[in-house]
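Residues per chain, in single letters:
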Amino acid sequence: MNVATYYDILKVDRAAAPERVRAAYRSLAQRYHPDKLPGNANAERVMAALNEAYAVLSDPQQRATYDRSIENARVPAVRRQRTIVNAELRVAAWPWWLLFATFAFSAAAIGTVAYHSLFASSLASAAAARPAPRGN
C-alpha cells in the first residue's frame, strides 16, 4: 500500500533543503489556489493538503518527527511477514502434554465405569449369596 507522503504532495525529495520546500509550496499554492480556480472543489482539497504538508515540513522538529514516522512505517515486508508467522505459531502450538493428560483421564474414567458396571453387580450378588456371619 503506497500512501502519499508530505514530500510527495509538495513534490520534493526527502533530503530537500527548507528553501526548496518553501519554493515548491509557493509554486504549487499559486497553481492550485482556490481564488485562481473558482468553483473547483478539487483545488480546495489540494490546497488544504499543501498547507498541511508545508506546516509539517517547514518546522524542523515536526519534520524530524515525521521522518521518523516514515522510517517506522517502512519496515521491510519480510520482517513483518516473519513476525506474523511467529505469532501464528505461538497461537497454533498445541500443548501435547495436555492431550496426553486428557486421554489418560478419559481412560481412567471409562475404566472406572466399566469396572463398576461389570464387577459391582457380580460382587453384590456374591455378597448376597454369602451367608450372614453368626453373632457370638
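Right above here is the structure, for reference.
Computed from a predicted structure; not experimentally measured.

Reading guide: rules and limits
- Residues numbered from 1 in each chain as written.
- Predicted model: local features only at pLDDT ≥ 70, side-chain atom pairs only at ≥ 80, totals over all residues.
- Heavy atoms only, no water.
- Helix = DSSP H or I, 4+ residues; strand = E, 2+ residues; numbered from the N terminus.
- Contact = heavy atoms within 4.5 Å.
- Areas by Shrake-Rupley, 256 points an atom, 1.4 Å probe, with all protein chains shown as cover.
- Core = buried A, V, L, I, M, F, W, Y, C linked by side-chain atoms within 4.5 Å.
- Buried < 20%, exposed > 50% of the residue type's maximum accessible area, 1.4 Å probe, protein only.
- Expected span 1.5 Å × (residues − 1).
- Arc of directions from axis to C-beta.
- Phe/Tyr/Trp six-rings, centres within 6.5 Å; stacked < 30°, edge-to-face > 60°.

1. Notes on the overall build of the chain
Helix and strand content of the chain: six helices and zero strands. Counting from the amino terminus, the chain carries its helices and strands in the arrangement α-α-α-α-α-α. At a minimum sequence separation of 6, the contacts of the chain that also span at least 24 residues come to 51%. About 10900 Å² of surface is accessible on the chain, with carbon and sulfur atoms providing 61% of the total.

2. Remarks on the nonpolar core
Within the largest apolar cluster, 17 residues are counted, with the highest numbers of intra-cluster contacts made by Leu10, Val12, Leu57 and Tyr66. Looking at this core, the elements with two or more residues in it are helix H1 (6–10), helix H2 (18–32), helix H3 (41–57) and helix H4 (60–73).

3. A few points about H2
Counted at 1.5 Å a residue, the expected span for H2 with its 15 residues is 21 Å, and the 21 Å between its end C-alpha atoms agrees. Where H2 is concerned, the buried positions are Val21, Ala24, Tyr25, Leu28 and Ala29. The buried residues of H2 occupy an angular sector of 130° when projected down its axis, which confines them to one face.

4. A short note on the packing of aromatic side chains
Under the defined criterion, the tally for this structure stands at three aromatic pairs. Taking the centre distance of 6.2 Å and the plane angle of 40° together, the rings of Tyr7 and Tyr66 count as tilted. One end of the pair, Tyr7, is in helix H1; the other, Tyr66, is in helix H4, and 59 residues separate them in sequence. Taking relative accessible area as the criterion, Tyr7 reaches 2% and is therefore assigned buried. Centre to centre, the rings of Tyr25 and Tyr54 are 4.3 Å apart; their planes meet at 10°, and the pair counts as stacked.

What is shown is where atoms sit, not what they do.
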